[in-house]
Amino acid sequence: MSEYYPTYLTWKASLAAVATLEDLMHGSQARRVRKAGGALAAADYWFTTSVIDAEYLEQFVPIYTRHIAAKEHGVVFDVRRILRTGGERGRTYEAISLWHGEQLMGGLVYSVRVD
């Protein structure tokens, strides 16, 4: 029996009380994340959280496009247009990014909303 999964997923979450990624997890899961973080750092991988600017988009969009286009039913959105029109409406966009040395490996773009 096949299960139905929606094509697009959106999550809304209050992160006001979250100081670290581990705050979102429980017990053994948080321990595994801490251990993985040490291994990542030892191999010169690191995460950042930052406001998105034009320089970031120049690096992010090709990675995003290549990754989504490689999926069987991937839909590549015009990220620049979405961020531009959202910005015109007052939205702020940030990204959680994975870096290897100075090279962007990938990221998650999200909007920050006060409501």
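Rules used in this analysis
Residues numbered from 1 in each chain as written. Predicted model: local features only at pLDDT ≥ 70, side-chain atom pairs only at ≥ 80, totals over all residues. Heavy atoms only, no water. Helix = DSSP H or I, 4+ residues; strand = E, 2+ residues; numbered from the N terminus. Contact = heavy atoms within 4.5 Å. Areas by Shrake-Rupley, 256 points an atom, 1.4 Å probe, with all protein chains shown as cover. Expected span 1.5 Å × (residues − 1). Pairing = 2+ DSSP bridges. Axes fitted to C-alpha atoms, helices over the stretch in contact; angles between N-to-C directions. Parallel < 35°, antiparallel > 145°, perpendicular 65-115°, else oblique. Polar contact = N/O pair within 3.5 Å; in protein donor to acceptor, adjacent residues only side chain to side chain. Phe/Tyr/Trp six-rings, centres within 6.5 Å; stacked < 30°, edge-to-face > 60°. Buried < 20%, exposed > 50% of the residue type's maximum accessible area, 1.4 Å probe, protein only.

1. Notes on the overall build of the protein chain
Helices and strands together make up the secondary structure of the protein chain, namely 3 helices and 3 strands. Secondary structure elements of the protein chain occur, N-terminal to C-terminal, as α-β-α-α-β-β. In the protein chain, once contacts between residues fewer than 6 apart in sequence are set aside, the share between residues at least 24 apart is 48%. Per element, the accessible surface of the protein chain, about 9,300 Å² overall, is 57% carbon and sulfur.

2. Section: helix α1 (residues 27-42)
In a regular helix each residue adds 1.5 Å, so 16 residues correspond to 22 Å; α1 covers 23 Å between its end C-alpha atoms and thus fits that length. Asp44 occupies a position one or two residues after α1 and carries a positive phi of about 70 degrees.

3. As for the sheet that holds strand β3 (residues 103-112)
The 3 strands are arranged β1-β2-β3 in an open sheet whose pairing can be described as antiparallel. Two strands close off the open sheet at either side, each with one partner strand: β1 (45-51) and β3. Looking at each pair of strands side by side, their axes are set apart by 20 degrees on average, direction ignored. Taken together, the 7 bridges between β1 and strand β2 (residues 92-100) define a ladder with antiparallel strand orientation. Following the sheet pairing, Thr48 is matched in β2 by Ser97.

4. Concerning the packing of helix α2 (residues 54-69) against helix α3 (residues 79-88)
Packing of α2 against α3 leaves a shortest axis separation of 10 Å and a crossing angle of 130 degrees. If you check the angle between α2 and α3, you find them oblique. Residues Leu57, Glu58, Phe60, Val61 and Tyr64 of α2 pack against Val79, Arg80 and Leu83 of α3.

5. Re the side chain of Ser97
By secondary structure assignment, the location of Ser97 is in strand β2. Here Tyr56 takes part through its side chain, which lies 2.7 Å from a polar atom of the side chain of Ser97. Once residues within four sequence positions are removed from consideration, Ser97 is found in contact with Trp46, Phe47, Thr48, Tyr56, Leu104, Gly106 and Gly107.

6. Details of the packing of aromatic side chains
Given two aromatic rings, their pairing is described by the distance between the two centres and the angle made by the two planes. Evaluation of the coordinates by the stated rule reveals 3 aromatic pairs. Relative to Trp99, the ring of Trp46 lies with its centre 5.7 Å away and its plane at 15 degrees, an arrangement referred to as stacked. One end of the pair, Trp46, is in strand β1; the other, Trp99, is in strand β2, with 53 residues separating them in the sequence. Ring centres of Phe60 and Tyr64 lie 5.8 Å apart, and the angle between their planes is 20 degrees; on these two criteria the pair is classed as stacked. With Phe60 and Tyr64 both in helix α2, this residue pair falls 4 residues apart, about one helical turn. For the pair Phe60 and Tyr64, a shared accessibility class is recorded, and that class is buried. Taken together, the aromatic side chains of Tyr56, Phe60 and Tyr64 make up a single cluster linked through ring pairs.

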